[in-house]
Amino acid sequence: MLSLKRYLVNILVASIPPTRGFGFKRTLWRIAGDRVGTATSINGGAKVWGVGRVSVDSGSWLGMNLVVIVPKGAEVTIGANVDIGPDVLLECGSHSIGGQERRAGTESASSIEIGSGTWIGCRATLLGGARIGSGSVIAAGAMVIAGEYPANVVLAGVPARIVRQLDGSGTQQIS
């Protein structure tokens, strides 16, 4: 039943102008079983697939065409005041490597956590098991694999790695 609700919510959210109707979109996501804080902006085309839980704290911006894939056994937690650019993918599902007849072996799922104040650039991808510390920046196009990343860093590349440490004001620390 949850996946049917999510499917219908995805259709309705897509039909609302991209940067309008944020309160209505929050309500729709809540009806689908997700927790969405006040003043969170869900932009057009943002979709959730799967039956896992999604939780978004207040003041976050979910960019156009965000795709969250959250299978059973996983969840996505997005902190307060997180800005997610367009075309970002949060993918909690994966597989073990199977035999030569079918390399996508047994399915697995791992949660994703995004700390408060984080900024995720357009077309970035976060895979299951990624835990992003607060106040971090994920560069456009980055591929963040499973792992725990500290607060106040810039992650860039494929696979993403720490390329810069930020201080509390957002300026680069010089080392």
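What you see is a predicted model; the values in this text were computed from it and never measured.

Enquirer: Help me understand the side chain of Ser41, please; the structure alone is not making it clear to me.
Expert: Note on placement: Ser41 falls in strand S2 (residues 41-42). Leave out the neighbours within four places in its chain, and Ser41 touches Phe22, Ser60, Trp61 and Leu62.

Enquirer: Where do I start with the sheet that holds strand S13 (residues 119-120) in this structure?
Expert: Sheets are built from strands that pair by backbone hydrogen bonding, the pairs being arranged parallel or antiparallel. One open sheet accounts for seven strands, arranged S2-S5-S8-S13-S16-S19-S20; its pairing is mixed. Each having just a single partner strand, S2 and strand S20 (161-165) make up the two edges of the open sheet. By the bridge criterion, four bridges tie strand S19 (residues 153-156) to S20 in an arrangement that is antiparallel. Pairing of Leu155 across the sheet is with Ile162, part of S20.

Enquirer: Explain a nonpolar patch on the surface to me, please; I cannot follow it from the model alone.
Expert: Nonpolar side chains collect at one region of the surface, where Leu4, Tyr7, Leu8, Ile11 and Trp49 lie side by side and expose about 480 Å² of accessible area between them. Among the elements that make up the nonpolar patch, the one with the highest residue count is helix H1 (residues 2-15) (four residues). Following the sequence through the fold, Tyr7 ends up in helix H1. On the basis of relative accessible area, Tyr7 is assigned to the partly exposed category, the value being 43%.

Enquirer: For this particular structure, what's the right way to read the sheet that holds strand S15 (residues 130-132)?
Expert: With parallel pairing, the six strands of this open sheet are ordered in space as S1-S4-S7-S12-S15-S18. The open sheet has two edge strands, strand S1 (35-36) and strand S18 (147-149), and neither has a second partner.

Enquirer: Got a minute to help me understand the side chain of Ser60 in this structure?
Expert: The topology assignment puts Ser60 in the loop between strand S4 (53-56) and strand S5 (61-62). At a separation of 3.5 Å, a polar atom in the side chain of Ser60 contacts the main-chain carbonyl oxygen of Asp57. Within the structure, the side chain of Ser60 is placed 3.4 Å from the backbone nitrogen of Asn81, a separation counted as a polar contact. If sequence neighbours within four positions are ignored, Ser60 has contacts with Ala39, Thr40, Ser41, Ile78, Gly79, Ala80, Asn81 and Val82.

Cut-offs and rules
- Residues numbered from 1 in each chain as written.
- Predicted model: local features only at pLDDT ≥ 70, side-chain atom pairs only at ≥ 80, totals over all residues.
- Heavy atoms only, no water.
- Helix = DSSP H or I, 4+ residues; strand = E, 2+ residues; numbered from the N terminus.
- Contact = heavy atoms within 4.5 Å.
- Pairing = 2+ DSSP bridges.
- Patch = residues over 30% accessible without salt bridge, like charges linked within 9 Å, V, L, I, M, F, W, Y side chains within 5 Å.
- Areas by Shrake-Rupley, 256 points an atom, 1.4 Å probe, with all protein chains shown as cover.
- Salt bridge = Lys/Arg side-chain N within 4 Å of Asp/Glu carboxyl O.
- Buried < 20%, exposed > 50% of the residue type's maximum accessible area, 1.4 Å probe, protein only.
- Polar contact = N/O pair within 3.5 Å; in protein donor to acceptor, adjacent residues only side chain to side chain.

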